[in-house]
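Report on the structure
Spelled out from the first residue to the last, the chains are:
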Amino acid sequence: MEIISSDIQSSRGRFIAFEGIDGSGKSTQIQLFADKLRQKGILCETTMEPTEGPVGTMIRQVLTGKMQMDGKVIAALFAADRLDHLLNASNGIVAKVEKGITVLTDRYYFSSYAYHSVDMPMDWVIRANELSSNTLRPTVTLFIDVDPDIAMERITRNRTHLELFEERSRLVKVREKYLEAFEKLKSVENVLIIDGNRPLDVVAKDIWERIGG
């Protein structure tokens, strides 16, 4: 599945979403993949959710415990932030992809499907994000699958403060919800599952060989 090479002559950029539970290593892998693309002369940009925009900033306040909100409100804020991420007039993803830029995002709507459906019906979360999914589906969604025990070990080693969803029991449920969402939407989404329990460089090589080289 050579996503990049097969479409390198296209005037439209690729849109690749990196997904995984907290501690999966996706943030590191997205940067490594971006570096490889740039070495090949492919114009690319990285981004993340929640964004640094006004809605995303509010979400970060919630995640760090500085604000308290009902779970449905949090899910709705993520959906709003995501739509602005796509359509923002100054730096929206859709405009970048249409200009030929390959955009790599650290989280997209599958994160909402997985994290929020632990507490509410997944179908509700999917419907709440339909404007985004109908606007732009990823060329491919890469799910870096990591054992929750390994993820928690990484989180506690690298953080001094845990965020809202960063506890083992929650991550176990979130991983299950990711897999449930992939199965539910397999007819319309292109998902590639990567074994993230391996060393960082092995994971990076696997990702590149499967979609980049």
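For the structure, see preceding data.
Reference entry: report on the structure contained in this document. (Residues numbered from 1 in each chain as written. Predicted model: local features only at pLDDT ≥ 70, side-chain atom pairs only at ≥ 80, totals over all residues. Heavy atoms only, no water.)

**Thoughts on the overall build of the protein**
From N to C terminus, the protein includes eleven helices and five strands. Across the 213 residues of the protein, 47% fall into the buried class. Contacts in the protein between residues at least 24 apart in sequence constitute 76% of all its contacts with a sequence separation of at least 6. Charged side chains in the protein number 28 positive and 31 negative. The centres of these two groups are separated by 1 Å. (Helix = DSSP H or I, 4+ residues; strand = E, 2+ residues; numbered from the N terminus. Buried < 20%, exposed > 50% of the residue type's maximum accessible area, 1.4 Å probe, protein only. Contact = heavy atoms within 4.5 Å. Lys, Arg positive; Asp, Glu negative; His and termini not counted. Charge placed at Lys NZ, Arg CZ, Asp CG, Glu CD.)

**Some points on the pattern of salt bridges**
Counted by the stated rule, this structure contains 17 salt bridges. Put simply, Arg107 and Asp22 hold a salt bridge, and the shortest N to O gap is 3.7 Å. On the criterion of sequence distance, the pair formed by Arg107 in the loop between β3 (102-106) and α6 (109-116) and Asp22 in the loop between β1 (15-19) and α2 (26-39) is long-range, its members being 85 residues apart. You'll find Arg107 and Asp22 in the same group, each marked buried. (Salt bridge = Lys/Arg side-chain N within 4 Å of Asp/Glu carboxyl O.)

**Some thoughts on the sheet that holds strand β4 (residues 140-145)**
Spatially, the five strands line up as an open sheet ordered β2-β3-β1-β4-β5, and their pairing is parallel. Sheet topology places β2 (44-48) and β5 (191-195) at the edges, where each strand pairs with a single neighbour. Within the sheet, the average angular offset between the axes of one strand and its neighbour, ignoring direction, is 20°. Sheet analysis places β1 next to β3, joined by four bridges and oriented parallel. Following the sheet pairing, Phe18 is matched in β3 by Asp106. Running at roughly 150° to β4, helix α10 (residues 168-184) makes contact with β1, β4 and β5 of the sheet. The strands that helix α11 (residues 200-212) touches are β1, β4 and β5; relative to β5, the one it contacts most, it runs at about 150°. (Pairing = 2+ DSSP bridges. Axes fitted to C-alpha atoms, helices over the stretch in contact; angles between N-to-C directions.)

**Focus: helix α4 (residues 71-87)**
The terminal C-alpha atoms of α4, which comprises 17 residues, lie 25 Å apart, in line with the 24 Å expected from a rise of 1.5 Å per residue. Residues Ile74, Ala75, Leu77, Phe78, Ala79, Asp81, Arg82, His85 and Leu86 constitute the buried set of α4. Capping of α4 at its N-terminal end is provided by Asp70; its side-chain oxygen lies 2.9 Å from the backbone amide nitrogen of Lys72. (Expected span 1.5 Å × (residues − 1). Polar contact = N/O pair within 3.5 Å; in protein donor to acceptor, adjacent residues only side chain to side chain.)

**Re helix α3 (residues 54-63)**
Along α3, the residues that are buried comprise Gly56, Ile59, Val62 and Leu63. Taken end-on, α3 shows its buried residues confined to a sector of 110°, consistent with a single buried face. Close packing links the buried residues of α3 with α4. Two residues or fewer after α3 comes Gly65, characterised by a positive phi angle close to 85°. (Arc of directions from axis to C-beta.)

**Some points on unusual backbone geometry**
With an omega of -5°, the peptide bond running from Glu49 to Pro50 counts as cis. By the secondary structure assignment, Pro50 is in the loop between β2 and α3. In the Ramachandran plot, Arg107 falls in the positive-phi region, its phi being about 90° despite a non-glycine side chain.

Note that all results are geometric; they support no functional claim without further evidence.
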